[in-house]
Amino acid sequence: MNSYWIRRFAGALAVLLLIITANFFLFRVMPGDAVSTIVDPRFSPEAKEKMRHLFGLDLPLHQQFFIYVRRMLSFDFGISFLSQRPVWDEIKSRIPNTLALLGTSLLLSSAIGTWLGVKAARKRGGFLEKAVIFSGSISFSFPSFFVQLVLLLLLAYTFPVFPLRGTVSIPMPSGTLPRVIDYIHHLILPAGSLVLLGFGSWAIYVRNLMVKTLGEDFILLARARGLSEDRIIWNHAFRSTLPPILTIFLLALPGIVSGAVITETVFSLHGVGKFLLDSILGHDYPSAGAAFYILGLLTIASNLAADAACTLADPRIRVGKRAER
Amino acid sequence: MPRWSFAAFFIIVAAAIAGPSLLQTDPFESVARPFAPPVWTGGEEGPALAVSLSPSKTLFEKKWNWSPPENISIRGTLSFEEDPSASLVWTGPGGERFVLAVSGDTREWLIDIDARDVSFKASLGVPPFGNATSVLFRNHENIRVEIEGTTPSAGKIEIRTPGGKWGLMGTDQRGRDVLSLFTEGIRISLIVGLAATLISSALGLLVGLSSGYLGGKIDSFIMRGVDVLLSIPVLPILMVIVGIWGKGLWQLILILGLFSWMGTARTVRSLALTLRESCYVENLRSIGASPWYILWRHLVPEALPVLLAAVTLGVPGAILAEAGLSFLGLSDPRIISWGRMLHEAHGFGAFTAGAWWLILPPGIGISVICLVFLDMGRALEEIADPRLVKGNRK
């Protein structure tokens, strides 16, 4: 455990605390008292006071806050206003779907983007390089939901190749294998659209980094040593661009989570993002707060994971002597 | 160096300002049946018919190349100088004559016919559950309406059929004209994009300059905060705040502005860091200039070109964020924006109606406006930092 990791964990903790605090105060600054929305105005003042006591609203604010933090950390989010079930039960079933969507789209778009970026950097001025730059600028300006709506219109409505909505067919097919196939069939369009939107910017970053690296002296040396082109590209040039690529990945993560919220809405997936939207639209505050918290937690966790990958890729961090840049 | 995006930007602004007044249709008014396709598409259904008969024009004739419309309404008043004996005659397919209305004894003749009226159907010999227009219209045959008998002296009769097709871009689920909704959306996108970016740039300038110029503990504290804010997904925060605080346009702009200043702050800070160490700032300090004076009179003008480029490059982000929130249904339903149009297309059955004209225009609009701002931003960046142009040439 070196100082780098202590710093990272402290940072993650700070983000977590910020999210919890924001959650705590956001839902308390809204107009009206939590009690006044659920009790009849004709209740006697004593009954209202009792209600406030029941919800712990008569405690001092800092005490309320500590209780809130404790419950957030133990995933006790209370009861959903809409479904009258514990919020955690509602969210628990949705997390795997969100993870599957985020995981597949991230993995595929980074793999395709990296491969294309490296290819484009190898052949400067070629068709592929122009295509990569074009697709990157397109992905910056096209709203994700528009592309997804068009895909939905084309591939699910006009030519019904993929299902229109949902994570699984209703009724679910029997047997494990048909279920897995059904799940993947439902996932192709959402994840595929995210890949389509994501790989362009990824390829541009990788291409820019690779072009820079390929112009450096150690590549010239590798060429002079008579190494094969593939080895120079992958073992020497690409290897040294890994840390900045991972840093970009870190910076892109929050945006990707935001994109997942919209994607889940477009395709009506049974995920956390859709749950957040439904709770907000239905004024289901415990659920909305919990969904927001879980999305934040997901971001923090993947941030730490990317940091770990960074450590592996960058020997300067591994050895604990990170050059101050 | 003229760039296409500057011209495009002026066209967009002009369309946003002049568009709504050039278009005659009110974007909130229903003009045709729901999900009517654009007129230039093929298909059996006819366009909307809106003609009037008056003393100067007592005859209307047209070749009807489409299937019968859903309904026809004829209403209006004609006045005469003498006691009239006039009738409104419809010559339908095959030369069949229908007398739609006959004037009374008074000099004011009020006509109010709706083809859904059962007694009107009966007068044409159509069963109560049939459609009167199927008798009056037939594909590829002429229709002809004429006021016969006494010539009226004043007044007007309006003949209208709801169109199965409408305008350049069709109609939405409420029968509203998509073209005027689209032009209305330009305005909202521009307002939100520019206003939110102005707020965020002002904030970014303030934070970045003070952080970079003051340095030390304040700087590292502010930059920690920026890092933390940058690692939280923004859209969920915006969703929660909009859900709690309200969906108004200005609230949206304020929220977007408050959550997108971090990038600008970083750029400005790095600029301020280099400027702080430069000789002329040191000279200013040595002659006793106050930090506020140096910031305001020297660093801000120095940072402006960079800031201008950052503002322009930030607009697409704000436009996309607004569109995303509106698409999720978190916007004021009384305000028409492109994101809102896509939300309604997604939520109100544009898919089952196959209404691509509800999805393509707003989506392409958002993309084009973002591309324009991106290109303008790049051009401004090159003006602010000419080294970029040389880099391109290499």
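Residues numbered from 1 in each chain as written. Chains lettered and ligands numbered in written order. Predicted model: local features only at pLDDT ≥ 70, side-chain atom pairs only at ≥ 80, totals over all residues. Heavy atoms only, no water.

**Side note on the overall build of chain B**
Then, number 1: For chain B, the helix and strand inventory stands at 13 helices and eight strands.
Then, number 2: Since a compact globule built from 394 residues should have a radius of gyration of about 21 Å, the 31 Å found for chain B marks it as more spread out than a globular shape.
Then, number 3: Dimensions along the principal axes, computed over C-alpha positions, put chain B at roughly 100 × 45 × 40 Å.
Then, number 4: Within chain B, buried positions represent 51% of all 394 residues.
Then, number 5: As displayed, chain B has an accessible area near 18,400 Å², and 62% of this comes from carbon and sulfur atoms.
Then, number 6: Here chain B contributes 33 positive and 34 negative side-chain charges, whose respective centroids are spaced 11 Å apart. (Helix = DSSP H or I, 4+ residues; strand = E, 2+ residues; numbered from the N terminus. Rg over C-alpha atoms; globule rule 2.2 N^0.38 Å. Buried < 20%, exposed > 50% of the residue type's maximum accessible area, 1.4 Å probe, protein only. Areas by Shrake-Rupley, 256 points an atom, 1.4 Å probe, with all protein chains shown as cover. Lys, Arg positive; Asp, Glu negative; His and termini not counted. Charge placed at Lys NZ, Arg CZ, Asp CG, Glu CD.)

**Focus: the overall build of chain A**
Then, number 1: A count of helical and extended segments in chain A gives 14 helices and zero strands.
Then, number 2: Along chain A, helices (α) and strands (β) appear in the sequence α-α-α-α-α-α-α-α-α-α-α-α-α-α when read from the amino end.
Then, number 3: Along the first, second and third principal axes, the C-alpha set of chain A runs to 90 × 55 × 40 Å.
Then, number 4: Here chain A holds 325 residues, and 46% of them are scored as buried.
Then, number 5: For chain A, the share of sequence-separated contacts (at least 6 apart) that also reach a separation of at least 24 residues comes to 70%.
Then, number 6: When the accessible surface of chain A is summed, it comes to about 17,100 Å², and 68% of that surface belongs to carbon and sulfur atoms.
Then, number 7: Here chain A holds 31 positive side-chain charges and 20 negative ones, and the gap between their average locations is 9 Å. (Contact = heavy atoms within 4.5 Å.)

**Re the domain arrangement of chain A**
Often, the extent of an interface is quoted as the loss of accessible area on bringing the components together.
Residues and elements named next belong to chain A.
Then, number 1: Domain boundaries assigned for chain A yield domain 1 (3–74) and domain 2 (94–313).
Then, number 2: Together, the buried faces of domain 1 and domain 2 total about 1,200 Å²; carbon and sulfur atoms form 78% of this surface.
Then, number 3: Interface area lost by domain 1 to domain 2 is led by Trp5, Ile19 and Phe27, which between them contribute 36%.
Then, number 4: Where domain 1 meets domain 2, there are one salt bridge.
Then, number 5: For the salt bridge of Arg8 with Asp307, the shortest nitrogen-to-oxygen distance reads 3.3 Å.
Then, number 6: For the interface between domain 1 and domain 2, the tally reads three residue pairs in polar contact (both at pLDDT 80 or more).
Then, number 7: If one sorts the elements of the side of domain 1 that touches domain 2 by residue count, helix 1 (residues 3–29) sits on top with 11 residues.
Then, number 8: Class assignment of the residues belonging to the side of domain 1 that touches domain 2 gives a composition of 12 nonpolar, one polar and one charged. (Domains from an automatic or database assignment. Buried area = accessible area lost by both parts, 1.4 Å probe. Salt bridge = Lys/Arg side-chain N within 4 Å of Asp/Glu carboxyl O. Polar contact = N/O pair within 3.5 Å; in protein donor to acceptor, adjacent residues only side chain to side chain. Nonpolar A, V, L, I, M, F, W, Y, C, P; charged D, E, K, R; others polar.)

**Here we look at unusual backbone geometry**
Residues and elements named next belong to chain A.
Then, number 1: With a phi angle near 55°, Phe75 is a residue other than glycine that sits in the positive phi range.
Then, number 2: By the element assignment, Phe75 lies in the loop between helix 4 (61–73) and helix 5 (87–92).
Then, number 3: A positive phi angle, near 50°, is found at Ser268, a position not held by glycine.
Then, number 4: Structurally, Ser268 is set in the loop between helix 11 (229–266) and helix 12 (272–281).

**Topic: the packing of helix 4 (residues 178–214) of chain B against helix 8 (residues 262–276) of chain B**
All names here are of chain B.
Then, number 1: Interaxial distance between helix 4 and helix 8 falls to 7 Å at its minimum, and their mutual angle equals 35°. With respect to the hand of their crossing, helix 4 and helix 8 are arranged in right-handed fashion. Where helix 4 abuts helix 8, its residues Ser201, Gly204, Leu205, Val207, Gly208, Leu209, Ser211, Gly212, Tyr213 and Leu214 lie against Thr264, Ala265, Val268, Arg269, Ala272, Leu273 and Arg276.
Then, number 2: When grouped by side-chain class, the residues that make up the contact of helix 4 with helix 8 number nine nonpolar, six polar and two charged. (Axes fitted to C-alpha atoms, helices over the stretch in contact; angles between N-to-C directions. Left-handed = near helix turned anticlockwise from the far one by under 90°.)

**Focus on the interface of chain A and chain B**
Then, number 1: Contacts between chain A and chain B engage 37 residues on the former and 37 residues on the latter.
Then, number 2: At the boundary of chain A with chain B, total buried surface from both sides reaches about 3,400 Å², with 84% on carbon and sulfur atoms.
Then, number 3: Contact with chain B buries area across many residues of chain A, yet A:Phe145, A:Phe146 and A:Leu149 alone supply 16% of it, more than any other trio.
Then, number 4: Where chain A touches chain B, the interface holds zero salt bridges.
Then, number 5: Linking chain A to chain B there are two residue pairs in polar contact (both at pLDDT 80 or more).
Then, number 6: When residues of the side of chain A that touches chain B are traced back to their parent elements, those giving at least two are helix 1, helix 7 (127–141), helix 8 (144–158), helix 11, helix 12 and helix 13 (285–313) of chain A.
Then, number 7: Class assignment for the residues of the side of chain A that touches chain B results in 30 nonpolar, seven polar and no charged.

**Quick look at the environment of A:Leu153**
Then, number 1: Within the secondary structure, A:Leu153 sits in helix 8.
Then, number 2: Judged by its relative accessible area of 12%, A:Leu153 is buried.
Then, number 3: Along the sequence, A:Leu153 and A:Leu194 sit 41 residues apart, while their C-alpha atoms lie 16 Å from each other.
Then, number 4: Sequence-distant contacts of A:Leu153, that is, excluding residues within four places in its chain, are made with A:Thr158, B:Phe351, B:Trp356 and B:Ile359.

**Focus: the nonpolar core**
Then, number 1: Membership of the largest hydrophobic core comes to 109 residues, with the highest contact counts inside it found for A:Leu276 and B:Met239.
Then, number 2: Apart from residues no more than four positions distant in its own chain, B:Met239 is found in contact with A:Val261, A:Leu276, A:Leu277, A:Ile280, B:Leu325, B:Leu328 and B:Leu330.
Then, number 3: Grouped together as the second largest cluster of nonpolar side chains are 31 residues, B:Leu53, B:Ala132, B:Ile157 and B:Ile159 included. (Core = buried A, V, L, I, M, F, W, Y, C linked by side-chain atoms within 4.5 Å.)

**Some points on the pattern of salt bridges**
Then, number 1: Summed over all chains, the structure comprises 26 salt bridges over all chains.
Then, number 2: A:Arg71 serves as the salt-bridge partner of A:Asp76, at 3.5 Å between the closest nitrogen and oxygen.
Then, number 3: Judged by relative accessible area, which is 33%, A:Arg71 ranks as partly exposed.
Then, number 4: Of the charged contacts, one joins B:Arg174 and B:Glu344 as a salt bridge, the two residues approaching to 3.9 Å between their closest N and O atoms. A residue pair is termed long-range when its members are at least 10 positions apart, and B:Arg174 in the loop between strand 8 (154–161) and helix 4 and B:Glu344 in helix 11 (residues 338–347) qualify at 170 residues.
Then, number 5: Judged by relative accessible area, B:Arg174 falls into the partly exposed class, the value being 46%.
Then, number 6: According to the relative accessible area criterion, B:Glu344 is buried, its value standing at 7%.

**Digging into the sheet that holds strand 7 (residues 141–149) of chain B**
Residue and element names in this part refer to chain B.
Then, number 1: Spatially, 2-7-4-5 is the arrangement adopted by the four strands of the open sheet, whose pairing is antiparallel. Pairing within the sheet leaves two strands with one partner each, and these edge strands are strand 2 (59–64) and strand 5 (97–102). With direction set aside, neighbouring strand axes in the sheet form an average angle of 15°.
Then, number 2: As judged from the six bridges shared by strand 4 (residues 86–91) and strand 7, these two strands associate in the antiparallel manner. Across the sheet, Leu88 pairs through a bridge with Ile147, a residue of strand 7. (Pairing = 2+ DSSP bridges.)

**Some words on the sheet that holds strand 3 (residues 73–79) of chain B**
Residues and elements named next belong to chain B.
Then, number 1: Read from one edge to the other, the open sheet built from four strands follows the order 1-8-3-6, with strand pairing classed as antiparallel. This sheet does not close on itself; its edge strands, each paired only once, are strand 1 (49–53) and strand 6 (108–114). Mean inter-strand twist for the sheet, computed between neighbouring axes without regard to direction, equals 5°.
Then, number 2: Looking at chain direction, strand 1 and strand 8 are connected through five bridges and run antiparallel.

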